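# Report on the structure
Chain by chain, the residues:
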Amino acid sequence: MKVLLTGGAGYIGSHTAVELLRAGHDVVIIDNLSNANESVIENIQKIVQRPVNFYHGDLLNPADLDRVFADHKIDAVVHFAGYKAVGESVAKPLMYYQNNLVSTLNLLETTTRYGVKNLIFSSSATVYGIPEKLPVVEESPLSTLSPYGYTKLAIEHILTDVAAADPSWNITMLRYFNPVGADASGLIGESPRGIPNNLFPFIMRVATGELPELGIFGNDYDTPDGTCVRDYIHVTDLAIGHICALEHLGGLRIYNLGTGRGYSVMECVQEFSRACGFGIPYVIKPRRAGDAPAIYADPTRAANELNWHAQRDLADMCRDCWKYQKNKQ
Ligand code: NAD
Ligand code: UFG
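All of these numbers come straight from a predicted model, not from anything done at the bench.

Rules of the game
Residues numbered from 1 in each chain as written. Chains lettered and ligands numbered in written order. Predicted model: local features only at pLDDT ≥ 70, side-chain atom pairs only at ≥ 80, totals over all residues. Heavy atoms only, no water. Helix = DSSP H or I, 4+ residues; strand = E, 2+ residues; numbered from the N terminus. Rg over C-alpha atoms; globule rule 2.2 N^0.38 Å. Buried < 20%, exposed > 50% of the residue type's maximum accessible area, 1.4 Å probe, protein only. Contact = heavy atoms within 4.5 Å. Areas by Shrake-Rupley, 256 points an atom, 1.4 Å probe, with all protein chains shown as cover. Core = buried A, V, L, I, M, F, W, Y, C linked by side-chain atoms within 4.5 Å. Pairing = 2+ DSSP bridges. Right-handed = clockwise from strand over helix to strand, strands pointing away. Near = heavy atom within 4 Å. Polar contact = N/O pair within 3.5 Å; in protein donor to acceptor, adjacent residues only side chain to side chain. Nonpolar A, V, L, I, M, F, W, Y, C, P; charged D, E, K, R; others polar. Axes fitted to C-alpha atoms, helices over the stretch in contact; angles between N-to-C directions. Left-handed = near helix turned anticlockwise from the far one by under 90°. Phe/Tyr/Trp six-rings, centres within 6.5 Å; stacked < 30°, edge-to-face > 60°. Lys NZ or Arg CZ within 6 Å of the ring centre and 35° of its normal.

Counting its regular elements, the protein chain contains 11 helices and 13 strands. Relative to the globule expectation of 20 Å for 329 residues, the C-alpha radius of gyration of the protein chain, 19 Å, shows essentially globular dimensions. Each principal axis of the C-alpha distribution contributes one length, and for the protein chain these read about 55 × 45 × 40 Å. Going through the 329 residues of the protein chain one by one, you find that 54% of them count as buried. Pairs at least 24 apart in sequence give 80% of the contacts found in the protein chain among residues at least 6 apart. Element-wise, carbon and sulfur atoms account for 51% of the exposed surface of the protein chain, whose accessible area totals about 14,000 Å².

Attention shifts here to the nonpolar core. In this structure, Leu5, Val27, Ile29 and Ile44 are the most contacted members of the largest nonpolar core, which totals 39 residues. The contacts of isoleucine 29, once residues within four sequence positions are left out, are Leu4, Leu5, Gly8, Ala9, Ala17, Ile41, Ile44, Val52, Asn53, Phe54 and Tyr55. Ranked by size, the runner-up nonpolar core spans 27 residues in total, among them Met204, Tyr232, Val265 and Cys321.

A separate point is the pairing of strand S3 (residues 53-56). In this structure, strand S2 (residues 26-31) lies alongside S3, joined through 4 bridges in parallel fashion. Residue pairing in the sheet places isoleucine 29 in a bridge with phenylalanine 54 of S3. On the question of chirality, the crossover connecting S2 to the parallel S3 by way of helix H2 (residues 39-48) is right-handed.

For ligand 2, the set of nearby residues contains 23 residues, the closest of which are Ser124, Gly215, Arg230, Arg288 and Asp291. At 2.9 Å, a side-chain N or O of asparagine 178 approaches an oxygen atom of ligand 2. Surface burial for ligand 2 is 88%, taken as the share of its 690 Å² of free accessible area covered by protein chains. When residues of the shell around ligand 2 are assigned to their parent elements, the largest contribution, 4 residues, is made by strand S8 (residues 214-217). Classifying every residue of the shell around ligand 2 gives 13 nonpolar, 6 polar and 4 charged.

Attention shifts here to the packing of helix H3 (residues 62-71) against helix H5 (residues 93-113). In a packed pair of helices, the relevant descriptors are the angle between the two axes and the axis-to-axis distance. Relative to each other, H3 and H5 sit at 35 degrees, their axes nearing to 10 Å. Where H3 crosses over H5, the handedness of that crossing is right-handed. Contacts from Pro62, Leu65, Asp66 and Phe69 in H3 reach Asn106, Leu107, Thr110, Thr111 and Arg113 in H5. Tallied by class, the residues present in the contact of H3 with H5 amount to 4 nonpolar, 3 polar and 2 charged.

Going through the model one piece at a time under the given rule, you end up with 7 aromatic pairs. An angle of 55 degrees between the planes, with centres 5.4 Å apart, marks the rings of tyrosine 83 and tyrosine 96 as tilted. In this pair, tyrosine 83 is assigned in the loop between strand S4 (76-79) and helix H4 (86-91) and tyrosine 96 in helix H5, connecting sequence segments 13 residues apart. According to the relative accessible area criterion, tyrosine 96 is buried, its value standing at 0%. Plain terms: the ring middles of phenylalanine 200 and tyrosine 232 are 5.4 Å apart, the flat faces sit at 70 degrees to each other, and that makes the pair edge-to-face. Of the two residues, phenylalanine 200 is situated in helix H7 (residues 199-207) and tyrosine 232 in strand S10 (residues 232-234); the sequence distance between them amounts to 32 residues. Within the aromatic cluster, the residues linked to one another by ring pairs are Phe200, Tyr232, Phe272, Phe278 and Trp322. Geometry around tyrosine 221 places arginine 287 over its ring, the cationic atom sitting 4.0 Å from the centre.

With omega at -5 degrees, the peptide bond leading from leucine 134 into proline 135 counts as cis. When you line up the elements, proline 135 lands in the loop between strand S5 (118-124) and helix H6 (147-165). With phi around 60 degrees, asparagine 307 is a residue other than glycine that occupies positive phi space. Relative to the elements of secondary structure, asparagine 307 occurs in the loop between helix H10 (300-306) and helix H11 (314-328). Look at asparagine 307 and you get exposed, because its relative accessible area is 57%.

The analysis is restricted to geometry; functional conclusions fall outside its scope.
This is how it looks when you write it as structure tokens:
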């Protein structure tokens, strides 16, 4: 297959590119580099020893998309491109609605024009809001707390309508839980700009001494150790999930991609300390607004229908993101 990855220079897209290339598929990437660096493309090529077709282009500009489809016969698209920071979306809602929604509409318009109707969309566990029942299944009630989350919900609605209007579309929406880790090569990984919002990037900056300590947002939740519980999933397992989804396209489908196992913030800190060989200094801070006390996936549907199972555990995630971090220094 020749697969177009929008936002393919980003964290999850670059790992998916590597796994697709390792599996023998061809990859075309379009990314405006708003949250990525062109060196990622060189590193993907270094890992797989194969060339990657890269377009420095913006999905907000239909001509950029048109160029890609005119140059390549694309079999399927994986749509990663978009902004993803929850806090920033609260501060800059229009920027989020504009980029995430208009990019998606432009993409759908172009793919329709070129007759490409195989699409995978990067959705998120954020569409479950604060769940009442755990683990969450694909039919769990949907709600969300941020403009970012609303863009994911809105795009899920748009894609559902598109699939209903034209049954020749094959659309799979993947609801990712918390991706962590890096390719085992240590050449690609997650490196957010500025002070990180997410747990693991923050822990890594503390481990390198760039930040003095981790703030743990609340230790008085109704969870085993009082800190929040999340379903962390190795980014390579997540990337492989896209290949399974591409191999099982058919109508409209929705899958949770998580491990089904929750880990607390404290467990993450302890596991990361084991991986790097020293303690991570932390302080307990007040709860962060909007945090679910606990959320983890029921990944049964992906197991049954896609034959996909996460293989890597929290120790693997910590080892691989630390390797990537050390490589970068
Ligand atoms: P990322 O920011 O690393 O990657 C997104 C890429 O899209 C970036 O490289 C960015 O430069 C590019 N991009 C943004 N707007 C663009 C535009 N208009 N035109 C072209 N390129 C554009 O993020 P990621 O962690 O790899 O996430 C990928 C997708 O998965 C996103 O849609 C995100 O919302 C979703 N997701 C991520 C997480 C997570 O925790 N990382 C969880 C759930 C869902
Ligand atoms: N946390 C801390 N200190 C920090 C950062 C995070 O204690 O400095 C805690 C949070 O309170 C939370 C846990 O670590 O309990 C995980 O927080 P993240 O910000 O890493 O992840 P979230 O589960 O809040 O959200 C992430 C993405 C969302 C996505 C969601 C589900 O940021 O975009 O996973 O996929 F929607």
